[in-house]
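Structural description and commentary
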Amino acid sequence: MQLHKLLAGPAPIEAVLGWIRSLNPKIVTVVEHEADHNQPGFLDRFTESLYYYSTMFDSLDACALQPEKALAEVYIQREICNVVSCEGSARLERHEPLARWRERLGRAGFRPLHLGSNAFKQASMLLTLFSAEGYCVEENEGCLTLGWHSRPLIAASAWHALPETAAVSPDVAVVGGAVM
């Protein structure tokens, strides 16, 4: 949930993905918003934000835990302000949909790993146990999305780095969080 902040220009994201690939990890996971807030035009970005964040707030309304809900709303409000009111390098929140992450990771030398039916079943079971009615998990070409009713909100995917000859080989790297 942090890689999107490197999308202001091609160099930062390419450098980070290249560095991760050079580590030659067995698995790289990417979890990002399933939104398109990296559009140059204000009206397109505003419209996408309106739909995406209204769905996000609708999903929060179903939450029973009020302190966590209030904290999430404050965080989301800051994201909205950044997406809508900032331009250039001041705009950090540059969410992109899963399809663009697939393209970018493919160009950087990563190949997708399907999460499989067990991951889908486990996510569905956890969602049933711990969330309000209305949330859904869907499989999308080997990736999982968490959504509210029919709108995907977050996408999770797994990737394999194609080996480089002089790379160090750790067991696992996690992208969008910590690299291990």
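Above this text sits the structure in question.
A brief look at the structure comes next. Remember, predicted model here, so these are calculated numbers, not experimental data.

Summing up its helical and strand segments, the protein has five helices and six strands in all. When the helices and strands of the protein are placed in sequence order, the string is α-β-α-α-α-β-α-β-β-β-β. Seen along its three principal axes, the alpha-carbon backbone of the protein occupies a region of about 50 × 40 × 25 Å. Considering the protein as a whole, with its 180 residues, one finds that 38% of them fall into the buried category. The long-range share in the protein, meaning contacts at least 24 apart out of those at least 6 apart in sequence, stands at 69%. Accessible surface, the protein: about 9,900 Å² in total, of which carbon and sulfur atoms supply 63%. Between the mean site of the 15 positive side-chain charges and the mean site of the 21 negative ones, the protein shows a separation of 5 Å.

Now for a nonpolar patch on the surface. Among the surface-exposed residues, Phe42, Leu43, Phe46 and Leu50 lie close enough to one another that they form a single nonpolar patch of about 410 Å² accessible area. Assignment of secondary structure puts leucine 50 in helix 2 (residues 42–61). The class of leucine 50 is partly exposed, set by a relative accessible area of 48%.

Cut-offs and rules
- Residues numbered from 1 in each chain as written.
- Predicted model: local features only at pLDDT ≥ 70, side-chain atom pairs only at ≥ 80, totals over all residues.
- Heavy atoms only, no water.
- Helix = DSSP H or I, 4+ residues; strand = E, 2+ residues; numbered from the N terminus.
- Buried < 20%, exposed > 50% of the residue type's maximum accessible area, 1.4 Å probe, protein only.
- Contact = heavy atoms within 4.5 Å.
- Areas by Shrake-Rupley, 256 points an atom, 1.4 Å probe, with all protein chains shown as cover.
- Lys, Arg positive; Asp, Glu negative; His and termini not counted.
- Charge placed at Lys NZ, Arg CZ, Asp CG, Glu CD.
- Patch = residues over 30% accessible without salt bridge, like charges linked within 9 Å, V, L, I, M, F, W, Y side chains within 5 Å.
- Salt bridge = Lys/Arg side-chain N within 4 Å of Asp/Glu carboxyl O.

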